[in-house]
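# Understanding the architecture of this molecule
Listed below, chain by chain, are the residues.
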Amino acid sequence: MQAHDARLDLLTHRLRRLPEVATVDQLQARRAEVATGLGVQQMTATDLETDVRKADSDVAQVRTRRQRDQQRLDTGAVGSPRELEKLQHEVGSLDRRISVLEDAELEVMEQLDQARADAAGSERQLVELDAELSDATARRDESIAELDRQAALARAERARAVALVPADLLALYDKIRAQQGGVGAAALRQRRCEGCRLELNAADLRELAGEPTDAVLRCPECNRLLVRTAESGL
Ligand SMILES: [Zn+2]
């Protein structure tokens, strides 16, 4: 009984500490992080697309005005030298303005390229992480299924053992097991209780040796059920 229970406890413990579970959790956390990053990068790209369109229309507007001025110069529509000088001056300042706006547009376009490249990188990472997650999840589920299979076997063996133990003794065993950290019964080997590891004194040993062979023995130190062995020392 005790051996089956110890095995079941061990299997439960291993199930809780399965490294495959931790791996899946880590991958899921990393995936969530990358997905959040991708969301931010896509939003940034959308904002920058708006900025590029705005910069483009700014440049176009000034270019239109520059063309109109140029036409007036080319067709000789402006008569007075004073007005001509004014117009030429304006064309010069419009050229400088166009240059500044084009530089600004170029800068925003570069930022947009960067944001799109970042988003594409995150998308590739997500594809890789999804593949890793799928493998890790399959490995985790395999390990869980294997531990479940072993636990089912141990439970079946325990059930067979339970059938051989009287109900009151089983109740006592379960009670002590709950109180004593999962160990309700221990072997008595070479005068030592293997539950608490203490050696029994001569008086206690004499008392235990005097009990009938079908009597249930208890450790005088830790109260656990004592199982007689060939080398109990009684
Ligand atoms: Zn003991």
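Let me sum up the structure you'll find in this document. This one's a predicted model, so the numbers in the text were calculated from it and none came from an experiment.

Let us now look at helix H1 (residues 2–16). Compared with the 21 Å implied by 1.5 Å per residue over 15 residues, the 21 Å span of H1 between its first and last C-alpha is a close match. Where H1 is buried, its residues touch helix H3 (81–162), helix H4 (167–179) and strand S1 (185–189).

As a further point, take the pattern of salt bridges. Applying the stated criterion across every chain yields a total of 18 salt bridges. As a salt-bridge pair, Arg 66 and Asp 95 come within 2.6 Å of each other at their nearest N and O atoms. Residue Arg 66 is located in helix H2 (residues 19–74), and its partner Asp 95 is located in helix H3; the two are separated by 29 residues in the primary sequence. Through salt bridges with shared partners, one network takes in Asp 5, Asp 9, Arg 158, Asp 174 and Arg 177.

A few words on the coordination of the zinc ion. Each pair of donors in an ideal octahedron of six around a metal sits at 90 or 180 degrees, and each pair in an ideal tetrahedron of four sits at 109.5 degrees. Around the zinc ion, the donor atoms from the protein are Cys 193 (SG), Cys 196 (SG), Cys 219 (SG) and Cys 222 (SG), and they sit 2.3 Å away. Considering all four donor atoms around the zinc ion, the spread of angles at the metal, 105 to 112°, places the coordination shape in the tetrahedral class. In terms of primary sequence, the donors binding the zinc ion are separated according to C-x2-C-x22-C-x2-C. For Cys 196, a relative accessible area of 22% gives the class partly exposed.

Here we come to the layout of surface pockets. In this structure, the largest pocket occupies an estimated 320 Å³ of space. Lining the largest pocket are 16 residues, with Val 165, Leu 169, Ala 185, Leu 225 and Val 227 positioned closest to its centre. Elements with a minimum of two residues in the lining of the largest pocket: H4 and strand S4 (225–228). Sort the elements by how many residues they give to the lining of the largest pocket and S4 lands first, with four residues.

The subject of this paragraph is the pairing of S1. With four of five residues buried, S1 lies mostly within the body of the structure. Of the pairings in the sheet, the one linking S1 to S4 comprises four bridges and is parallel in character. Paired with Ala 185 across the strands is Leu 225, a residue of S4. Where S1 lies against strand S2 (residues 192–193), two bridges are found, and the strand directions are antiparallel.

Reading the values: rules and limits
- Residues numbered from 1 in each chain as written.
- Predicted model: local features only at pLDDT ≥ 70, side-chain atom pairs only at ≥ 80, totals over all residues.
- Heavy atoms only, no water.
- Helix = DSSP H or I, 4+ residues; strand = E, 2+ residues; numbered from the N terminus.
- Expected span 1.5 Å × (residues − 1).
- Contact = heavy atoms within 4.5 Å.
- Salt bridge = Lys/Arg side-chain N within 4 Å of Asp/Glu carboxyl O.
- Donors = N, O, S within 2.8 Å, 3.2 Å for Na, K, Ca; no water.
- Tetrahedral: all angles 85-135°; square planar, octahedral: opposite > 155°, others 65-115°.
- Buried < 20%, exposed > 50% of the residue type's maximum accessible area, 1.4 Å probe, protein only.
- 1 Å grid on protein atoms, 1.4 Å probe; cavity = no way out; pocket = protein on both sides within 12 Å on 5 of 7 lines; lining within 4 Å.
- Points joined across faces, edges and corners; volume = space filled by probe spheres on them.
- Pairing = 2+ DSSP bridges.

In short, geometric facts, not functional conclusions.
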